[in-house]
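Chain by chain, the residues run as shown.
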Amino acid sequence: MSSIESNQSPNPDEEFETALMEVEQSLLKLKERYKQVQQAQKQKLDLEERLNTVSPQDTAEIEKINEELQQLTITLESNLLTEEDVKTLLWEGIRQGLLGEVFWQIIRFGGLGIILGWLLKTWVG
């Protein structure tokens, strides 16, 4: 009987090892993103210093530095969440809250509308 029970329930050690591996992978990804953000922030500071040292007459250089600063700002903002994180959050939000509530409201009021329409049709016709 113990062999049947062991086949039905997953091994807790294997579950723990799998969860631990997922956490380690997430930590590595987080470290990499943190390193990218730090590098982008350092580049931004360097560009801001360079912008302060450029003479006001050199408009081409000022425009180039401003464009680079804008790109770095976008990079810093987009590094907060990866595309995969955004997709995961979106689908979890839809599945857990937004879509579930909206779906049931559509069913409730759509069904009520169909029933009222059917009753009015039978009453009039």
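Residues numbered from 1 in each chain as written. Predicted model: local features only at pLDDT ≥ 70, side-chain atom pairs only at ≥ 80, totals over all residues. Heavy atoms only, no water.

Draft legend 1. Fine view of the environment of Leu-76. Note that Leu-76 resides in helix H3 (residues 59-78). Residues within four places of Leu-76 in sequence aside, it is in contact with Val-37, Ala-40, Gln-41 and Lys-44. (Helix = DSSP H or I, 4+ residues; strand = E, 2+ residues; numbered from the N terminus. Contact = heavy atoms within 4.5 Å.)

Draft legend 2. Just the confidence of the model for the chain, in detail. Chain-level pLDDT for the chain is 78 on average; 78% of the residues reach the 70-or-more range. For the chain, per-element mean pLDDT is lowest for helix H1 (residues 2-8), which scores 50, and highest for helix H2 (residues 12-53), which scores 85. Low confidence marks residues 1-6, where pLDDT is under 50. Its contacts with residues over four positions away, or in another chain, come to zero contacts. (pLDDT = per-residue confidence, 0-100.)

Draft legend 3. Quick look at the nonpolar core. Residues Val-37, Ala-40, Leu-47, Val-54, Ile-65, Leu-69, Leu-72 and Leu-76 constitute the largest nonpolar core, which totals eight residues. The set of elements that each furnish at least two residues to this core consists of H2 and H3. Tallying contributions element by element places H3 first for this core, with four residues. (Core = buried A, V, L, I, M, F, W, Y, C linked by side-chain atoms within 4.5 Å. Buried < 20%, exposed > 50% of the residue type's maximum accessible area, 1.4 Å probe, protein only.)

Draft legend 4. The packing of aromatic side chains, seen in detail. The final tally for this structure, using the stated rule, is zero aromatic pairs. Taking NZ or CZ as reference, Arg-108 lies 5.8 Å from the ring centre of Phe-109, over its face. (Phe/Tyr/Trp six-rings, centres within 6.5 Å; stacked < 30°, edge-to-face > 60°. Lys NZ or Arg CZ within 6 Å of the ring centre and 35° of its normal.)

Draft legend 5. Geometry of a negative patch on the surface. A cluster of acidic residues, Asp-13, Glu-14, Glu-15 and Glu-17, forms a negative patch on the protein surface. With respect to the helices and strands, Glu-14 occurs in helix H2. (Patch = residues over 30% accessible without salt bridge, like charges linked within 9 Å, V, L, I, M, F, W, Y side chains within 5 Å. Areas by Shrake-Rupley, 256 points an atom, 1.4 Å probe, with all protein chains shown as cover. Salt bridge = Lys/Arg side-chain N within 4 Å of Asp/Glu carboxyl O. Lys, Arg positive; Asp, Glu negative; His and termini not counted. Charge placed at Lys NZ, Arg CZ, Asp CG, Glu CD.)

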